[in-house]
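Here are the chains, one letter per residue:
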Amino acid sequence: MTNASSILNNAFLNKGTAFTKAERKQLGLTGALPARVQTLAEQEKQTYAQFKTKHPGLEQRQFLMDIFNTNRTLFFYLMGQHIVEMMPIVYDPVIADSIEQYSDIFVQPQGAAFLSVDDIASTKERLANAADGRDIRLIVVTDGEAILGIGDWGVNGVDISVGKLMVYTAAAGIDPSQVLAVSLDAGTNNEELLNDPNYLGLRHPRVKGKKYHQLVDAFMDATEELFPKALVHFEDLGRDNALDILQQYQTKRPVFNDDIQGTGIICLAGVLGALKISKEKLADQKFLTFGAGNAGMGIANMLYDELVRQGMDPDEARRHFYLVDVQGLLFNDTPDLTPAQKEFTRDRSEFANADELTNLAAVVKAVHPTVMIGTSKQPGAFTEEIVKEMAAHTKRPIIFPISNPTKLLEARPADLLKWTDGRVLTATGVPFDDITYNNTTYTIGQANNALVYPAVGMGAIAAGASQVNEKMLAAAAYALSDIIDPNAAGAAVLPPVARLEEFTAKVASVVAQSAIDQGLAAKGVTDAKKAVLVHKWTPAY
Ligand SMILES: NC(=O)c1ccc[n+]([C@@H]2O[C@H](COP(=O)([O-])OP(=O)(O)OC[C@H]3O[C@@H](n4cnc5c(N)ncnc54)[C@H](O)[C@@H]3O)[C@@H](O)[C@H]2O)c1
Ligand SMILES: O=C(O)C[C@H](O)C(=O)O
Ligand SMILES: [Mn+2]
């Protein structure tokens, strides 16, 4: 490749028309670009106008990905200027469409590393090739088994790694040249993909058990050798693997499971925010999680830890939880409990009609929860009848239907407001516009882990933390819940995406401070705020 094309085709180096005359001369680009020299702001204005001509949804996302693949600085400058408009395009919910169509619309690998269960021996080589000499500090890895709530999407799932990393940079200012998206391709059980001639991943059923874990371990060993400072963020792993892998590594390396931990933090922050508005106490709440998988159990554990931190006896704290999954209310004798679920089961003797508690409606009637969180992937599961029953027994019902994407929501915020006469305190995984009901305008908080994982990651990276532990996660939840204004009419339970960059910096400092206080930070890191500031990359030429 000539010098000109190696620069213009490198998204980390390319400035396009913004290369000055002197730079063009120095880099051998004279004549390789049209005459006019533009500023970043001019490029942004022009690009945004072009973006507006595209169809909302996937076409807009593809356009933005073109910019991402051509010029990272311009992409992140543009996204920073239009964060509220572009988050849902780059990330959830539109990312779900791009994952479903990944193999059909594939143009380029977007810098990701593709690891193969059929060729575990080449794991290190594959990672090194994709990193191409870059100093990687942050890895988002998925095996595509449990993408959002849409199931097994095999290699197509790599888009979630790419998308999560985009949000890391947009929110926290993680240097985009220091990140790596990774796909662990272990096959797929998605028949539609196995039969799709365009499918780009390994065309065989998902490999489980020992061989799968060999792939994960090879990935972890290779990343430790190649990128010893990197934080590893696990995303959308299946329920059978996620917690095991987290527990295997969480005291040894800086690792983070977003679905378990990120979702736990955002929901704890949301509940704390809601209680600031209702002026009630956490210790007085009864929690029902509907869908006791990775997210549901991560949330239950974060809330439980907080009750204990507030001084409640652990056994008493456990009794504040009611888990509902496919079997109905989970009892200690329910078959097929996961290890995480076993910690929070109930005893049949507590209920006169225990055998009837096989569906959400019956459980809500029997329990009268004050907080109900949906991570079930069951659209419309929070019906009018169920919500009204819950709301009849508590002044300010806290209801978070957070299954993603939009088509899987357990309930829509406008309905929840209507069914509870405006009393509900709600937040959803995907963004919603403000809703006016009975002359009050309600802002709907976004209980998506994207509002917090960038801060956790930045805090851990800036501190050079040797691990990411419960105290750091709790610190992030408090810091986030502190930012809302509980006295504004129709206030949201979480801070708005419009202020994502500002509050991410604050929360990241708190996380870094927690690592320093616990003696988990790298030698010489003593000033959390400064460490976060030093690590923050900003899109500028
Ligand atoms: N907003 C967020 O930040 C966020 C974060 C993580 C996950 N989520 C969403 O939560 C959902 C679950 O994700 P996960 O990672 O926990 O998946 P998971 O597969 O680990 O858990 C889903 C759970 O729902 C249960 N379930 C399935 N059908 C059910 C039914 N009919 N009734 C009751 N329970 C049922 C499953 O048995 C499983 O335990 C997804 O839609 C995902 O998008 C949202
Ligand atoms: O990706 C998201 O939007 C949040 C979450 O991690 C999920 O799996 O739904
Ligand atoms: Mn996820």
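Residues numbered from 1 in each chain as written. Chains lettered and ligands numbered in written order. Predicted model: local features only at pLDDT ≥ 70, side-chain atom pairs only at ≥ 80, totals over all residues. Heavy atoms only, no water.

Draft legend 1. Quick peek at the sheet that holds strand 8 (residues 328–329). Taken together, 7 strands build an open sheet; the order of strands is 8-7-6-9-10-11-14 and the sheet is mixed. Of all strands in the sheet, those with a lone pairing partner are strand 8 and strand 14 (445–446), marking the two edges. In this sheet, strand 10 (residues 398–401) lies alongside strand 9 (residues 371–374) in parallel orientation, the contact comprising 4 bridges. By the bridge assignment, I373 is partnered in strand 10 with F400. Along the sheet, helix 14 (residues 258–278) makes contact with strand 6 (287–290), strand 9, strand 10, strand 11 (425–428) and strand 14, crossing strand 10 at roughly 150°. Along the sheet face, helix 18 (residues 360–367) touches strand 6, strand 7 (321–325), strand 8 and strand 9 and points at about 175° away from the line of strand 6. (Pairing = 2+ DSSP bridges. Helix = DSSP H or I, 4+ residues; strand = E, 2+ residues; numbered from the N terminus. Contact = heavy atoms within 4.5 Å. Axes fitted to C-alpha atoms, helices over the stretch in contact; angles between N-to-C directions.)

Draft legend 2. Examining the sheet that holds strand 5 (residues 255–257) more closely. One open sheet holds the 5 strands; their spatial order is 1-3-2-4-5, and the pairing between them is parallel. This sheet does not close on itself; its edge strands, each paired only once, are strand 1 (113–116) and strand 5. Neighbour-to-neighbour, the strand axes of this sheet turn through a mean angle of 20°, independent of strand direction. Across 3 bridges, strand 4 (residues 231–234) lies against strand 5 in parallel orientation. Paired with V232 across the two strands is V255, which belongs to strand 5. Across the sheet, helix 13 (residues 242–249) lies against strand 4 and strand 5, angled at about 160° from strand 5, the strand it touches most. Of the strands in this sheet, strand 4 and strand 5 touch helix 14, which is tilted by about 75° from strand 5.

Draft legend 3. Region of interest: the site of ligand 2. The environment of ligand 2 is made up of Y91, D92, L148, I160, K164, E235, D236, D258, D259, N404, N448 and N449. Take D236: an N or O atom from its side chain is 3.1 Å from an oxygen atom of ligand 2. The side chain of N404 places a nitrogen or oxygen atom 2.9 Å from an oxygen atom of ligand 2. Assessed atom by atom at 2 Å from the grid points, ligand 2 resides in the largest pocket. Going through the elements one at a time, helix 10 (158–172) and helix 14 are the ones with two or more residues in the shell around ligand 2. The residue makeup of the shell around ligand 2, split by class, is 3 nonpolar, 3 polar and 6 charged. (Near = heavy atom within 4 Å. Polar contact = N/O pair within 3.5 Å; in protein donor to acceptor, adjacent residues only side chain to side chain. 1 Å grid on protein atoms, 1.4 Å probe; cavity = no way out; pocket = protein on both sides within 12 Å on 5 of 7 lines; lining within 4 Å. Sits in = over half its atoms within 2 Å of the grid points. Nonpolar A, V, L, I, M, F, W, Y, C, P; charged D, E, K, R; others polar.)

Draft legend 4. The site of ligand 1, seen in detail. Taken together, 24 residues form the shell around ligand 1, and within it R239, N294, A295, D325 and N449 come nearest. Between ligand 1 and the protein, one listed contact pairs an oxygen atom with a side-chain N or O atom of R239 at 2.7 Å. Contacts to ligand 1 include N294, whose backbone N or O atom sits 2.8 Å from an oxygen atom. Considering ligand 1 on its own, with 840 Å² of exposed area, one finds that the protein chains cover 88% of that surface. (Areas by Shrake-Rupley, 256 points an atom, 1.4 Å probe, with all protein chains shown as cover.)

Draft legend 5. Region of interest: the coordination of the manganese ion (ligand 3). At the metal site, the manganese ion (ligand 3) is ligated by E235 (OE), D236 (OD) and D259 (OD), and these contacts range over 2.0 to 2.1 Å. Between the donor residues of the manganese ion (ligand 3), the gaps in sequence give the motif E-D-x22-D. The pair formed by E235 and D236 is uniform in burial state, with each residue classed as buried. (Donors = N, O, S within 2.8 Å, 3.2 Å for Na, K, Ca; no water. Buried < 20%, exposed > 50% of the residue type's maximum accessible area, 1.4 Å probe, protein only.)

Draft legend 6. Just the layout of surface pockets, in detail. Approximately 880 Å³ is the volume found for the largest pocket. Looking at the lining of the largest pocket, the elements that each hand over two or more residues are helix 10, helix 14, helix 15 (294–309) and strand 7. Considered class by class, the residues forming the lining of the largest pocket number 16 nonpolar, 18 polar and 11 charged. Built from parts of two domains, the lining of the largest pocket gets at least three residues from each of domain 2 (94–238) and domain 3 (261–437). (Points joined across faces, edges and corners; volume = space filled by probe spheres on them. Domains from an automatic or database assignment.)

Draft legend 7. Examining unusual backbone geometry more closely. Put simply, D92 and P93 share a cis peptide bond, and its omega is 10°. Inspection of the secondary structure assignment puts P93 in the loop between helix 6 (83–90) and helix 7 (94–100). With an omega of -10°, the peptide bond running from N404 to P405 counts as cis. Take P405: it is sitting in the loop between strand 10 and helix 20 (413–419). You will see that Q110, though not glycine, has its phi angle at about 55°, which is positive. Tracing the backbone through its elements, the reader meets Q110 in the loop between helix 8 (102–105) and strand 1. The backbone of L148 sits at a positive phi, close to 40°, despite the residue not being glycine. Inspection of the secondary structure puts L148 in the loop between strand 2 (138–142) and helix 10.

Draft legend 8. Spotlight on the domain arrangement of the chain. What the domain assignment lists for the chain is domain 1 (1–38), domain 2 (94–238), domain 3 (261–437) and domain 4 (453–535). Between the C-alpha centres of domain 2 and domain 3 the distance comes to 31 Å. Across the boundary between the two partners, domain 2 contributes 7 residues, which contact 6 residues of domain 3. Of all residues in domain 2, L148, G149 and I150 give up the largest surface area on contact with domain 3, accounting jointly for 64% of the area buried on that side. Our enumeration of links across domain 2 and domain 3 arrives at 1 salt bridge. With a shortest N-O distance of 3.4 Å, E100 and K407 are connected by a salt bridge. The tally of links between domain 2 and domain 3 comes to 3 residue pairs in polar contact (both at pLDDT 80 or more). Residues belonging to the side of domain 2 that touches domain 3 are distributed by class as follows: 4 nonpolar, 2 polar and 1 charged. (Buried area = accessible area lost by both parts, 1.4 Å probe. Salt bridge = Lys/Arg side-chain N within 4 Å of Asp/Glu carboxyl O.)

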